[in-house]
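A closer look at the structure
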Amino acid sequence: VSALKFSEWVSSHQTRVEHLLDEYLPSNKIAPLSLHEAMRYATLNGGKRIRALLAFAAAEFAGQESRFVDKVAIAVELIHAYSLVHDDMPCMDDDDLRRGKPSCHKKYDESTALLVGDALQSLAFEILTNAQEPAQKKQLEITHQLAIASGSRGMAGGQQIDLESSGKSLNESELEMMHMHKTGALIRASVIMGGLASGIEHSSHLKALTGYANFIGLAFQVTDDILDAEADTQTLGKTAGKDALQQKSTYVTLLGLNRAKQKAKDLYEQAIHEIQQVDANRSKRLVEIADWITQRGF
Ligand code: IPE
Ligand code: IPE
Ligand code: MG
Ligand code: MG
Ligand code: MG
């Protein structure tokens, strides 16, 4: 594990992700120009890139260097960017602001935003399935993980539950189920795919990564719920107070702010316990990211 300070590790990997995304996204000089421009708008500049960083950190935990991790990191960020474009559309959360800028459908129009999401999703799978890769079994396993995490048994399914539960109050197990799908699934996949990309060998390591990924995936959305209630629009770069406005069921409505914060803290402890007991040294970055996820201000 590198000796870099966490903040330096984060910024160097964020820069790497920006360059890779820039390289893999079609140029806005290629037709259809407006679609490619909008795809770049929705993806470049502004995301925290936590999912990509989780893939890199999981690869460090797994222990072997592998260039395929770059592709995993890009693929999960493309799926995530697509999910945000659709999440903001008027038929979903109807949000005009994303990453401090007009949402994709505001900057362009709704039909373009719809196609941006479709095309970003396809691009993620295109990148992962290039036939030039040497280890095709690994590639297949990784692609399979991303497909499940994105679809009706993952993110898209969670979004459906989210929309249907607006105006209702879910109990804790229903809410956990919703969060584990809409946000947890892709975060979990980012960790596992990073591990798989770097040839995770011992099943105890994969088990630990999976445990960590489950807890931190839920912790991520619990924290997002807290921030929606507590932070301001300027800091968040997206409209604050949206959940209350749209009568969403969240950990804040279920538990109140203080207990929601305690819940995030408990999930953090559970997450890091899973990996630290297996390898205290190699789990360093994953622990730091878990801390960031639950302590972040936006
Ligand atoms: C926001 O995700 C959407 C959720 C799944 C809660 P992030 O907070 O990771 O958004 P960016 O990528 O940094 O903008
Ligand atoms: C988003 O949940 C989950 C996604 C799959 C995008 P939210 O609707 O709470 O995300 P934000 O708060 O708009 O980023
Ligand atoms: Mg939403
Ligand atoms: Mg939203
Ligand atoms: Mg939110």
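Reading the values: rules and limits
Residues numbered from 1 in each chain as written. Chains lettered and ligands numbered in written order. Predicted model: local features only at pLDDT ≥ 70, side-chain atom pairs only at ≥ 80, totals over all residues. Heavy atoms only, no water. Donors = N, O, S within 2.8 Å, 3.2 Å for Na, K, Ca; no water. Buried < 20%, exposed > 50% of the residue type's maximum accessible area, 1.4 Å probe, protein only. Salt bridge = Lys/Arg side-chain N within 4 Å of Asp/Glu carboxyl O. Helix = DSSP H or I, 4+ residues; strand = E, 2+ residues; numbered from the N terminus. Near = heavy atom within 4 Å. Polar contact = N/O pair within 3.5 Å; in protein donor to acceptor, adjacent residues only side chain to side chain. Areas by Shrake-Rupley, 256 points an atom, 1.4 Å probe, with all protein chains shown as cover. Nonpolar A, V, L, I, M, F, W, Y, C, P; charged D, E, K, R; others polar. Phe/Tyr/Trp six-rings, centres within 6.5 Å; stacked < 30°, edge-to-face > 60°.

Further remarks concern the coordination of the magnesium ion (ligand 3). The textbook angles at a metal center are 109.5 degrees for a tetrahedron of four donors and 90 or 180 degrees for an octahedron of six. Protein coordination at the magnesium ion (ligand 3): the donors are D87 (OD) and D93 (OD), at 2.2 Å from the metal. Between the two metals, the magnesium ion (ligand 3) and the magnesium ion (ligand 4), the spacing is 3.1 Å, and D87 donates to both. Accessibility classification places D87 together with D93 in one group, the buried group.

Counted according to the given criterion, the structure contains 15 salt bridges. Note that D93 is salt-bridged to K248, the shortest N-O span being 2.8 Å. Here D93 is found in the loop between α4 (68–88) and β1 (97–98), whereas its partner K248 is found in the loop between α12 (242–245) and α13 (251–276), with 155 residues between them in sequence. Take D93 and K248: they sit in the same class, and that class is buried. Where D162 meets K248, a salt bridge forms, and the shortest distance between an N and an O atom there is 2.4 Å. Taken together, the positions of D162 in helix α8 (residues 155–164) and K248 in the loop between α12 and α13 put the pair 86 residues apart, joining distant regions of the chain. In this pair, the class of D162 matches that of K248, namely buried. Overlapping salt bridges, with partners in common, bring together D93, D162, K182 and K248 in one network.

Our next topic: the site of ligand 2. In the neighbourhood of ligand 2, the contacting residues comprise S83, L84, D87, D93, R98, M155, Q159, K182, T183, Q221, D224 and K238. A distance of 3.0 Å separates an oxygen atom of ligand 2 from a polar atom in the side chain of D87. One of the side-chain N or O atoms of K238 is found 2.6 Å from an oxygen atom in ligand 2. For ligand 2, the accessible surface in isolation is 390 Å², of which the surrounding protein chains cover 91%. Looking at the shell around ligand 2, the elements that each hand over two or more residues are α4, α8, α9 (172–197) and α10 (203–230). Of the residues forming the shell around ligand 2, the biggest block, three residues, is contributed by α4.

Once that is clear, we can look at the site of ligand 1. Surrounding ligand 1, one finds G47, K48, R51, H80, L84, R99, T183, F220, Q221, D224 and K238. K48 is positioned with one of its side-chain polar atoms (N or O) 2.6 Å from an oxygen atom of ligand 1. In the environment of ligand 1, an oxygen atom lies 2.8 Å from a nitrogen or oxygen atom belonging to the side chain of R99. Contact with the protein chains removes 89% of the 390 Å² of surface that ligand 1 exposes when unbound. Secondary-structure elements contributing two or more residues to the shell around ligand 1 are α4 and α10. Counting residues per element, the shell around ligand 1 draws most heavily on α10, at three residues. Each residue belonging to the shell around ligand 1 can be placed in one class, and the counts come to two nonpolar, four polar and five charged.

A word on the packing of aromatic side chains. Summed over the entire model, instances satisfying the criterion amount to three aromatic pairs. Residues F6 and W9 carry aromatic rings whose centres are separated by 6.2 Å and whose planes lie at 15° to one another, so their mutual orientation is stacked. In this pair, F6 and W9 both sit in helix α1 (residues 6–24), three residues apart, roughly one turn of the helix. Note on accessibility: F6 and W9 belong to one class, buried. With a centroid separation of 5.5 Å and 80° between ring planes, the pair formed by Y41 and Y108 is classed as edge-to-face.

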